Amino acid sequence: MKPQEALTEISALTREEEQAEVIRRLEEDIIFGRFAPGSRLVEDTLMTRYRASRHFVRQGLFQLERQGIVLREKNIGATVRFYSAEEVRQIYEVREMLTRQAALMIALPASASLIEQLNELQRQYCARADAQDLRGIHEANDAFHVALFSACGNPYLVRSLQDYMNLTLPMRAKNLADKEGLALSRRQHEFMIELLKGRDNWALAQLCVDHMQFSKSDYLRRIAGDEGTT
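Keep in mind it's a predicted model, so treat the numbers as computed, not measured. (Residues numbered from 1 in each chain as written. Predicted model: local features only at pLDDT ≥ 70, side-chain atom pairs only at ≥ 80, totals over all residues. Heavy atoms only, no water.)

Novice: Sorry if this is basic, but what is going on with the state of the cysteines here?
Specialist: Disulfide: a covalent bond formed between the sulfur atoms of two cysteine residues. Applying the stated rule across the entire model yields 0 disulfides. Of all cysteine sulfurs in the structure, the one in C208 sits closest to C152, which takes part in no disulfide; the separation is 11 Å. (Disulfide = S-S within 2.5 Å.)

Below, the structure is given as structure tokens:
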């Protein structure tokens, strides 16, 4: 796309679309490691980077602050949220409890429509992985898990799970480009679908919890190195 065409496309966006685009790009820059944990997020720099108004940049920072990805402090401004090893363990403890409970509440064997939906989402996930489309992998992966856990029948539990999925995005996003991690994730998704056809909720719940451990362990190893140099 030529620069002039890009400008025309951006100018054609509605205010709501432009705001969503700024949030999407800022979120991507953080979760995919372009802005490291602890980095300052200077509004003027972000305005230039995204060709956006201060209002839209500021709203994007507020949105990501609500998700726990950005930290805003008086006299310091906005920074990429950094979580210590202990905080990461505590966050994952909550996410694991919510995940286990949701999996235990899914009626088994699952309906044919749910199996069909998850198979289609898994197909999309694999296609994005083969294309090395990081954003697509992230979105397809989260769509798979939201569809799976929505079968628990408790929308408030699902909403809480989504909040913690968002909270752990910076911790797990790097693994979207990890071939070993992706291969393991794909196999586990397929096994989840198979377990949904049976009657063993405990096996399903344990697999869903185990599914989180690769990215959690990898992130803890990475920050252990960072904390060791400070």
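Novice: When you look at empty space enclosed by the protein in this model, what are you seeing that I'm missing?
Specialist: Over the atoms rolls a probe the size of a water molecule, and its path tells where empty space is left. Applying the stated criterion across every chain, the model contains 1 cavity of 30 Å³ or more. Empty space within the largest cavity amounts to approximately 350 Å³. Lining the largest cavity are 26 residues, with N141, R172, S185, H211 and S215 positioned closest to its centre. The set of elements that each furnish at least two residues to the lining of the largest cavity consists of α5 (85–105), α7 (134–150), α8 (155–167), α9 (169–172), α10 (179–196) and α12 (213–228). Per element, the largest residue contribution to the lining of the largest cavity is 6 residues, and it comes from α10. Taken together, the residues that form the lining of the largest cavity break down as 13 nonpolar, 10 polar and 3 charged. (1 Å grid on protein atoms, 1.4 Å probe; cavity = no way out; pocket = protein on both sides within 12 Å on 5 of 7 lines; lining within 4 Å. Points joined across faces, edges and corners; volume = space filled by probe spheres on them. Helix = DSSP H or I, 4+ residues; strand = E, 2+ residues; numbered from the N terminus. Nonpolar A, V, L, I, M, F, W, Y, C, P; charged D, E, K, R; others polar.)

Novice: How should I be thinking about the sheet that holds strand β1 (residues 40–41) in this particular structure?
Specialist: Strands pair in a sheet through their backbones, by hydrogen bonds, and they do so in one of two ways: parallel or antiparallel. In space, the 3 strands of this open sheet follow the order β1-β3-β2, with antiparallel pairing throughout. Two strands lie at the open edges of the sheet, namely β1 and β2 (70–73), each paired on one side alone. With 2 bridges joining them, β1 and strand β3 (residues 77–80) adopt antiparallel strand pairing. Residue pairing across strands places L41 opposite A78, the latter belonging to β3. (Pairing = 2+ DSSP bridges.)

Novice: In this structure, what is going on with the layout of surface pockets? I would like to understand it.
Specialist: If you add up the space inside the largest pocket, you get close to 260 Å³. For the largest pocket, the lining is made up of 15 residues, of which G33, P37, P170, Y219 and R222 are closest to its centre. Within the residue set of the lining of the largest pocket, elements represented by two or more residues are α2 (15–31) and α12. With 4 residues, α12 is the largest single contributor of residues to the lining of the largest pocket. Within the lining of the largest pocket, the residues separate by chemical class into 11 nonpolar, 1 polar and 3 charged.

Novice: Please clarify how the pairing of β2 should be interpreted in this entry.
Specialist: When a strand is regular, its side chains alternate between the sheet's two faces. Direction of pairing for β2 relative to β3: antiparallel, over a ladder of 4 bridges. Bridge pairing links E73 to G77 in β3. Hairpin connection of β2 to β3: 3 residues between the antiparallel strands, including N75 at a positive phi of 70°.

Novice: Sorry if this is basic, but what is going on with helix α6 (residues 112–130) here?
Specialist: Note on helix geometry: an α-helix contains 3.6 residues per turn, so any two residues three or four positions apart are oriented the same way. Over its 19 residues, α6 runs 27 Å from end to end, which matches the ideal 27 Å to within 8%, given 1.5 Å per residue. If you check which residues of α6 are buried, you get L114, I115, L118, L121, Q122, Y125, C126 and A129. Buried residues along α6 cover an arc of 145° about the axis, so they all sit on one side. Exposed side of α6, more than 90 degrees from the buried face: A112, S113, E116 and D130 are the residues found there. (Expected span 1.5 Å × (residues − 1). Buried < 20%, exposed > 50% of the residue type's maximum accessible area, 1.4 Å probe, protein only. Arc of directions from axis to C-beta.)

Novice: When you look at the environment of L167 in this model, what are you seeing that I'm missing?
Specialist: Note that L167 resides in helix α8. Along the sequence, L167 and R66 sit 101 residues apart, while their C-alpha atoms lie 9.5 Å from each other. For L167, the residues in contact, after removing those within four places along its chain, are Q67, G68, Y83 and I91. (Contact = heavy atoms within 4.5 Å.)

Novice: Could you clarify how one ought to interpret the pattern of salt bridges in this entry?
Specialist: Should their charged atoms come close, side chains of opposite charge can pair. For the coordinates displayed, the defined rule picks out 20 salt bridges. For the salt bridge of R135 with E139, the shortest nitrogen-to-oxygen distance reads 3.0 Å. Note that R135 and E139 are positioned in helix α7 at a spacing of 4 residues, about one turn of the helix. You can call R135 buried: its relative accessible area is 16%. For E139, a relative accessible area of 43% translates into the label partly exposed. R221 serves as the salt-bridge partner of D218, at 3.7 Å between the closest nitrogen and oxygen. Taken as a pair, D218 and R221 lie in helix α12 at a separation of 3 residues, close to a single helical turn. Note on D218: relative accessible area 13%, which makes it buried. Given a relative accessible area of 53%, R221 falls into the exposed group. Overlapping salt bridges bring together E21, R24, E27, E28, R135 and E139 as one network. (Salt bridge = Lys/Arg side-chain N within 4 Å of Asp/Glu carboxyl O.)

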